[in-house]
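Examination of the molecular architecture
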Amino acid sequence: MIILYMFYSCPINQVPRDLLSKYLVGGEETIELLQLLGLAFPCEMDVSMIVPYVHIFPLQVQLLNNSNHGKKGRGMIQQTAAATEEVLPTTKTDTMLLVTDLHPTILSRTTVGQKEDGAVMYIGPDSLALVQHLPSRLHVQNVYQQRYQGSNTSSQEKVLSPFRILDVCTGSGIQALYMLMSMKSIDPTAMAVCVDVNDRALRFVKFNALLNGIENDRVWTLKADLVSGQCLDDFVGQESVQEEHNSNNINNLNVMDVLLHGARHKQNVGYFGYNIFPSGPFDLILANPPFIPTPSYDDDDKSGSVLGDISKRYGLFSSGGSSGEEVLESIVSMSSRLLRKDHGLLAIVSEFMNPPTVDSDVENATGNIQESLQKQQSKLLYKLCQWWEKDPSWLSLSKSSNDNHINEEACVDVAVAALARGLLFTNQAPISCHTYAARRANDQEEYSVWLRHLQRQDIECVSPGLLYIETTPLQPTTTTQPCSTGTNLSLDLEYRLVPKYQELGSIWTPYNYKALLYTWCEWVAWQWAYS
C-alpha cells in the first residue's frame, strides 16, 4: 500500500494495475479492497491504470513526560533558549502515519471517486500548526500532573476518570490521534471522541487509529452537523434520552445531548449489546473547523459556473459559510458547556476575520502601538467572548428536558458558560481582502467574485491564528492591558500578535521555530501572570 500512496510524482498519478497485482500483498483481492474502501479507483480514461485517491503522511510525535517545561518563567525560557540555542523542549519522539485524501485541487482534475461523501481534509499547514505549537501539550502535561498524579487524587479516580478529548471537525483524526499518541507514556487510557459531518472522514479516523496501534475502544466517532446541532449518527438512545424521544427517530437527537449525557452507539458491539457512547465533560477540545468565507451567490455570475468551480475546491471541510465563521461560532459556544469547569482547554486553529493589526498611520502619529491596537481589537475579541457566552438555539433540547434520569445539575451547567480566560494568536501582518481574494481565485473572473463577496461581508483583512481558552473555577481577573477584552462576560480574552519573520513565514508555516518559540514563551508568561 505504501508503494501505491507514496508513489505520485505527477498531479494525478496512475499506477498500472498489473504492477500492483504483482507486487501488492493479496494482489487482485487487495486492489478490490482498496476500491471498496474508496482509497483507489480505476482510471476513467484507462481501466488498466489505478488512481490513488489518498496518500500516507508521516508525522513526528513529541511524547509528553513528567518534565516541568511548562512551569518556567518567560525570562528563564528566553535566556535558556539564547544560551543553548535550544528552541523547544527536548522530548522523546515517535512516528505516526496518517492516511487522508489528496489536496482537492488535485482531486478536482479527475472524475473518479465522485460518489464518495466528499474529500477529507488533507494535511495542511493549519493541521500541523495545532499539533506543533506547544500550548495544548504544555497544558495537558501540567493538568495531568496536578489532577491525576496529585496527592488528592485517589487511585480509584485515576482508573475511573481517563483523560477525555473531543476533536470536532476531525477530518483524518490528526489532532485527537496525535494527542493520544503523545500521552501514551503518561496516560495510556486516554480516550477521544471525534466528530465530523462526513462519513468518509470518520472511517479515516478509525483506520488511522488502527494503523497507529491505538485501541478501538479509545477512539469513538460521531457524525453530526455542528451548525444545526443535529446528530446524524446511528444511535439507539440511552435510556434517559429514549424516554423523551423515540429512539427510532434518531435525527431528533441533538449533538449536545449526546456529548453531555451519552448514548448507545452502534459501534464496538460486544457480548452485552451496544456500548455506551462516552460523554463529557471533556478535558480537552481540539478543533480545526472549516473557515473559508465561501461565496454562495454573485449577481454577475448569472450561469453560476464560477461559483460551481469554487465549490468544487472548497467543500465540506473548508467552507465556513458566507462569513467563514458559522462552524467556529458553534464550536466556541458548545465548548463553553462541554469543557470541564476546572482547567479544561479549548484549542482552535482557524483563520480569523478582521484581526488586530498594527496601524502604521496611528503609530507614526502617536508613537503608541498599543493605542493603535486598542482601537482595533475590541470587535473580534468581544465577538469571540459573546460566542462563548451565547446559548445556542440547539441547546434547548437539553435545557427543557423533563426526564428525571438526567442529572439536574448537568442541565443547569448547559445554560451557563464556564468561567474562562484565553489567548488569541494572529499574525502581526494579516493579509488584505484583495490579497486574500487573489490567493483563493484561479483567474480574474473568480477574483472579482471573491472580492465582491468579502466586501459584502465587511471582511477587510484575514489572518491565520490559534485560539486557546482555558476554563477556571474562579472568576478570571480582568486585566487592564489594552490587549484584553476587559468585560464582565464569562470569558476574559487577550491577544498576541506573532511577529513577522520574513525568512520563516507566518504562524502556520510548518517548523517556523521562531513562531513556535513566541507562542510558547507568551503562553507560559500568561500562565504565570494569572498564577
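Per-chain numbering applies: the sequence of each chain, read as written, is numbered from 1 onward. pLDDT decides what is reported in this predicted model: residues at 70 or higher carry local features, side-chain atom pairs at 80 or more are listed and counted, and totals for whole chains, interfaces and linings draw on all residues regardless. Computation of side-chain values covers all heavy atoms of the structure but excludes hydrogens and water.

Describing the overall build of the protein chain
- In this text, helices come from DSSP runs of H or I with a minimum length of four residues, and strands from runs of E with a minimum of two, each type numbered from the N-terminal end. Within the protein chain one finds 21 helices and 18 strands.
- Counting every position in the protein chain, which comprises 531 residues, the buried fraction comes to 56%.
- Between two residues, a contact is recorded if the distance between any of their heavy atoms is within 4.5 Å. At a minimum sequence separation of 6, the contacts of the protein chain that also span at least 24 residues come to 78%. Burial classes: relative accessible area under 20% of the type maximum marks a residue as buried, over 50% as exposed, and values in between as partly exposed (1.4 Å probe, protein chains only).

Here we look at the nonpolar core
- Among buried residues, those of type Ala, Val, Leu, Ile, Met, Phe, Trp, Tyr and Cys that are joined through side-chain atoms within 4.5 Å constitute a nonpolar core. Core analysis: the biggest nonpolar cluster contains 73 residues, and Leu59, Ile165 and Met183 have the highest contact counts within it.
- When residues of this core are assigned to their parent elements, the largest contribution, seven residues, is made by helix H9 (residues 174-182).
- Beyond its immediate stretch of four places on either side in the chain, Met183 contacts Leu64, Val140, Phe163, Ile165, Pro188 and Ala190.
- Core analysis: the second largest hydrophobic core is formed by 47 residues, Leu166, Met191, Val195 and Leu222 among them.

Looking at the packing of aromatic side chains
- Any two of the Phe, Tyr and Trp rings considered here, Trp counted by its six-membered ring, make a pair once their centres fall within 6.5 Å; the pair's planes then place it as stacked at under 30 degrees, edge-to-face at over 60, or tilted in between. Counting across every chain of the model gives six aromatic pairs.
- Seen in terms of ring centroids, Trp523 and Trp526 are 5.1 Å apart; in terms of plane orientation they differ by 40 degrees. Their pairing is tilted. Within this pair, Trp523 and its partner Trp526 are both found in helix H21 (residues 513-530), separated by three residues, close to a single helical turn.
- Here Trp523 falls in the buried class, since its relative accessible area comes to 2%.
- Clustering of aromatic rings is evident, with ring pairs tying together Phe425, Tyr468, Tyr518, Trp523 and Trp526.
- The side chain of Arg421 reaches across the aromatic face of Trp526, ending 5.4 Å from its centre. Here, over-ring charges are defined by two tests on the NZ atom of lysine or the CZ atom of arginine: distance to the ring centre within 6 Å, and angle to the ring normal within 35 degrees.

So, the sheet that holds strand S3 (residues 49-52)
- Pairs of strands are assigned from DSSP output, requiring at least two bridges between the strands. Reading across from one edge, S1-S3-S2 is the order of the three strands in this open sheet, with antiparallel pairing throughout. The open sheet has two edge strands, strand S1 (15-16) and strand S2 (40-42), and neither has a second partner.
- Examined bridge by bridge, S2 and S3 share three bridges and lie antiparallel to one another. From the neighbouring strand, Ala40 faces S3, where its bridge partner is Pro52.

Overview of the pattern of salt bridges
- Salt bridges are identified by distance alone: a Lys or Arg side-chain nitrogen within 4 Å of an Asp or Glu carboxyl oxygen. By the definition in use, this model includes 13 salt bridges.
- Put simply, Arg421 and Glu470 hold a salt bridge, and the shortest N to O gap is 3.1 Å. Here Glu470 lies in strand S17 (residues 461-471) and Arg421 lies in strand S15 (residues 420-427), a separation of 49 residues in the sequence. By the burial criterion, Arg421 is buried, and Glu470 matches it.
- Salt bridges linked by common partners bring Asp283, Arg340 and Asp342 together as one network.

Some points on the layout of surface pockets
- A pocket, in this scheme, is an open set of points on a 1 Å grid over the protein atoms alone with protein on both sides within 12 Å along at least 5 of 7 lines, while a cavity is a set where a 1.4 Å probe fits but cannot get out; residues line either one if an atom lies within 4 Å of a point. Grid points are joined across faces, edges and corners, and a volume is the space filled by probe spheres set on the points. Approximately 790 Å³ is the volume attributed to the largest pocket.
- Along its surface, the largest pocket is lined by 39 residues, and Pro125, Glu351, Arg439, Arg440 and Trp508 are the ones closest to its centre.
- Every element with two or more residues in the lining of the largest pocket is listed here: helix H5 (104-107), helix H6 (125-132), helix H19 (433-440) and S17.

Observations regarding empty space enclosed by the protein
- Enumeration according to the criterion identifies four cavities of 30 Å³ or more in this entry.
- Reported here for the second largest cavity is a volume of approximately 50 Å³.
- Leu130, Val131, Ser136, Arg137, Gln175, Tyr178, Met179 and Leu286 are the residues that line the second largest cavity.
- Secondary structure elements with two or more residues in the lining of the second largest cavity: H6, helix H7 (135-148) and H9.
- Looking at the lining of the second largest cavity, the element that brings in the most residues is H9, giving three residues.
- Gly is placed with the polar residues, together with every amino acid not listed as nonpolar (Ala, Val, Leu, Ile, Met, Phe, Trp, Tyr, Cys and Pro) or charged (Asp, Glu, Lys and Arg). Here the lining of the second largest cavity is built from residues that sort into five nonpolar, two polar and one charged.

Quick look at unusual backbone geometry
- Cis geometry marks the peptide bond from Gly280 to Pro281, where omega comes out at 5 degrees.
- As for its position among the elements, Pro281 is in the loop between strand S12 (273-277) and strand S13 (284-287).
- Located in the positive-phi region is Asn354, a residue other than glycine, with phi close to 55 degrees.
- Among the secondary structure elements, Asn354 is positioned in the loop between strand S14 (345-353) and helix H15 (360-366).
- Even without a glycine there, the phi angle at Asp458 is positive, about 60 degrees.
- Turning to its location among the elements, Asp458 is positioned in the loop between helix H20 (444-456) and S17.

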